[in-house]
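# Architecture and fold: a report
Here is how the chains run, residue by residue.
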Amino acid sequence: MSRVAVIGAGYVGLTTGACLADLGNNVIVVDINREKVSQLQRGRVPFYEPGLNELVERNVKARRLTFTTSYDEAVPGAEYAIIAVSTPEGEGGEADLSFVESAASSIADAMDGPLVVVNKSTVPPLTGDMVSRVLGSRNSKHRADVVSNPEFLREGSAIQDFMHPDRVVIGSHDRAAAEKVALLYEPLDAHILITPNIYTAEMVKYASNAFLAARISFINEIARISERVGADAKLVAEGMGLDKRIGPSYLDVGLGYGGSCFPKDVKALAALAERFDYHPELLHAVMDINRDQRMLVIDKLRDCLEELNDRVIGLLGLAFKPNTDDLREAPSLDIARVLLAAGAQVRGYDPAAMEGARVKLPDVEYSRDAYGLADGADALVVVTEWNEFRQLDLGRVKASMRRPVIVDGRNIYDPEHMRGLGFTYRGIGRD
Ligand code: NAD
């Protein structure tokens, strides 16, 4: 079993660290955020991810998993340093690599022997070379091989995705270093693809995210056409998905993609292409469609309520998707801000994301549950498709609303059933 330092205790770093510890490795997770580390040291996972609390607790108890703010505690003696720090949107849409660069500097200063430095953060091709340069320039005494090993886990099912990946992609200029990283995944029954140069592995991640985002924008464009010609886009997607060449995933008609990955990654890939003198038309269309998609609910609300000023509008769900408390690039943020600017009184409820929402959207009024949200409201908007919204007592909801208007941004309800209950119901792509 190996000694592993994981750099960054976010969704990816903490999941990676806890899972590698559970596979028997000795893992130290280092993060510069003192508050986060101190919470973890007290046994508290600082964000919501199903099953992660238990996994962390089990491995901390077994003394295979520890947390620190000090690279000098984490890196010396480690065989691997896995970088899992944030790569947010930077200037002009390019990825901001300053956290990766700073992690590489700190690793270089702390390493005391040969090390395999694994980049798990999502980064554009050529970043591995930058990390190599930083390591080499700050520490010429010890050999450091840089390997790209992008992460494909999804928030909400992070542990399952890490432990049962569709594939593990590993790329390095040094084959032996890539094979050493493959050893970490040996206990998993995973297809491992080793690419003979690091740029290819880096590109697989961007290409995968851009493709999934493109599927979402594609089906949302089909939804807009469907709405106009009287087709039901949800069933169109189902019909398409039954084709084995197409498959059903990422064909959900709705408010488009959000979150901490797709928006910034598509933008960063487009910016990278432009830097290399290529204008990626498809990627720009994907982004444009997605930007406009979330605003469809505003048009639908205007249509149903005549005006937005002084109307009480409840947002069912705030997180960018169900089973997470992540609000980064969530459609709810744009929708709430536009509604507030139009003079509406906006309420919100989310099973997991209320704490973060209170900070990001201080002018929204928060309800204890979906029924509180509905009480006296002029309209409800389904923004996030949490399962609990599928199981609401809709008769009770309708009885407490001032006007029974539901704009279903995720098509979770059956239009006929809703109209049968007396709602004015608008879905996406199937009015
Ligand atoms: P996150 O923001 O949740 O966590 C990043 C952590 O890194 C933070 O705790 C931060 O304090 C820490 N950090 C920043 N600079 C540091 C440094 N120099 N040294 C030590 N710690 C440092 O981010 P995340 O969602 O875990 O994403 C990390 C990377 O993985 C990003 O590149 C992201 O694109 C990619 N990714 C994310 C997901 C996802 O679903 N969240 C999935 C696949 C890939």
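Below: a short report on this structure. None of these values were measured; they are calculated from a predicted model. (Residues numbered from 1 in each chain as written. Predicted model: local features only at pLDDT ≥ 70, side-chain atom pairs only at ≥ 80, totals over all residues. Heavy atoms only, no water.)

## Concerning the sheet that holds strand E8 (residues 192-195)
Going by this rule: A pair of strands is labelled paired if DSSP reports no fewer than 2 bridges between them. Strands are runs of DSSP state E lasting at least 2 residues, helices are runs of H or I lasting at least 4, and numbering of each runs from the N terminus. In this analysis, axes come from line fits to C-alpha atoms, helices being fitted only over the stretch in contact, and the angle between any two N-to-C directions falls in the range 0 to 180 degrees.
Strand order in this open sheet of eight strands is E3-E2-E1-E4-E5-E6-E7-E8, and the pairing throughout is mixed. The open sheet is flanked by strand E3 (65-68) and E8, the only strands paired with a single partner. Averaged over all pairs of adjacent strands, the angle between their axes in this sheet comes to 25°, without regard to strand direction. With four bridges joining them, strand E1 (residues 3-7) and strand E4 (residues 80-83) adopt parallel strand pairing. Within E4, the position partnered with Ala5 by the bridge is Ala81.

## Quick notes on the packing of aromatic side chains
The cut-off we apply is this: Pairing of aromatic rings covers Phe, Tyr and the six-membered ring of Trp, with a centre-to-centre limit of 6.5 Å; geometry is then stacked below 30 degrees between planes, edge-to-face above 60, and tilted otherwise. Three labels apply to residues, based on accessible area from a 1.4 Å probe with only protein chains included: buried if under 20% of the type maximum, exposed if over 50%, partly exposed otherwise in between.
Going through the model one piece at a time under the given rule, you end up with five aromatic pairs. Judged by centre distance (4.2 Å) and plane angle (40°), the ring pair of Tyr11 and Phe47 falls under tilted. Here Tyr11 is found in helix H1 (residues 11-22), whereas its partner Phe47 is found in the loop between helix H2 (34-41) and helix H3 (52-61), with 36 residues between them in sequence. For Tyr11, a relative accessible area of 13% translates into the label buried. Between Tyr250 and Phe262, the ring centres sit 6.1 Å apart and the planes meet at 50°, which makes this aromatic pair tilted. Taken together, the residues span a long stretch of sequence, with Tyr250 in the loop between helix H10 (233-241) and helix H11 (262-275) and Phe262 in helix H11 at a distance of twelve residues. When its relative accessible area of 26% is taken as the criterion, Tyr250 is described as partly exposed. For Phe262, a relative accessible area of 13% translates into the label buried.

## Structural notes on the sheet that holds strand E13 (residues 405-408)
So the rule is basically this: Residue contacts follow a heavy-atom distance rule, with two residues in contact if any of their heavy atoms lie within 4.5 Å.
Across the sheet, six strands lie side by side as E11-E10-E9-E12-E13-E14; this open sheet has parallel pairing. This sheet does not close on itself; its edge strands, each paired only once, are strand E11 (365-366) and strand E14 (424-426). Each of strand E9 (312-316), strand E12 (379-382), E13 and E14 touches helix H13 (residues 296-305); the most contacted strand, E13, lies at about 160° to it. Packing of helix H14 (residues 331-341) onto the sheet brings it into contact with E9 and strand E10 (345-349), and relative to E9 it is tilted by some 175°.

## A few points about the site of the ligand
We apply this condition: Near is defined per residue: the residue qualifies when any heavy atom it owns lies within 4 Å of the molecule or strand. Pairs of N or O atoms within 3.5 Å make up the polar contacts considered here, provided that, within protein, one atom can donate a hydrogen while the other can accept it, and that residues adjacent in sequence are counted only when both atoms are side-chain atoms. Only the protein chains shown count as cover for residues, with accessible areas throughout obtained via the Shrake-Rupley method and a probe of 1.4 Å.
For the ligand, the set of nearby residues contains 29 residues, the closest of which are Asp31, Lys36, Tyr71, Thr87 and Lys264. Contacts to the ligand include Val12, whose backbone N or O atom sits 2.9 Å from an oxygen atom. Lys264 places a polar side-chain atom, nitrogen or oxygen, 2.6 Å from an oxygen atom of the ligand. Bound to the protein, the ligand loses 92% of the 830 Å² it would expose on its own. Those elements that provide at least two residues to the shell around the ligand are H1 and helix H5 (98-110).

## A closer look at the pairing of E8
Bridge analysis of strand E7 (residues 168-172) against E8 gives four bridges, and the strand direction is parallel. Across the sheet, Ile170 pairs through a bridge with Ile194, a residue of E8.

## So, the side chain of Asp350
The criterion, for reference: Residues scored as charged are limited to Lys and Arg (positive) and Asp and Glu (negative), so that His and the chain ends carry no count. Salt bridge, as used here, is a side-chain nitrogen of Lys or Arg placed within 4 Å of a carboxyl oxygen of Asp or Glu.
Position of Asp350 among the secondary structure elements: in the loop between E10 and helix H15 (354-360). Although Asp350 lies buried, it forms no salt bridge, and the closest oppositely charged side chain, Arg410, sits 9.9 Å away as judged by the N-O distance. From its side chain, Asp350 meets the backbone nitrogen of Ala352 in a polar contact 2.7 Å long. At 3.0 Å, the side chain of Asp350 forms a polar contact with the side chain of Trp386. Excluding anything up to four places from it in sequence, Asp350 contacts Gly317, Leu318, Ala319, Thr384 and Trp386.

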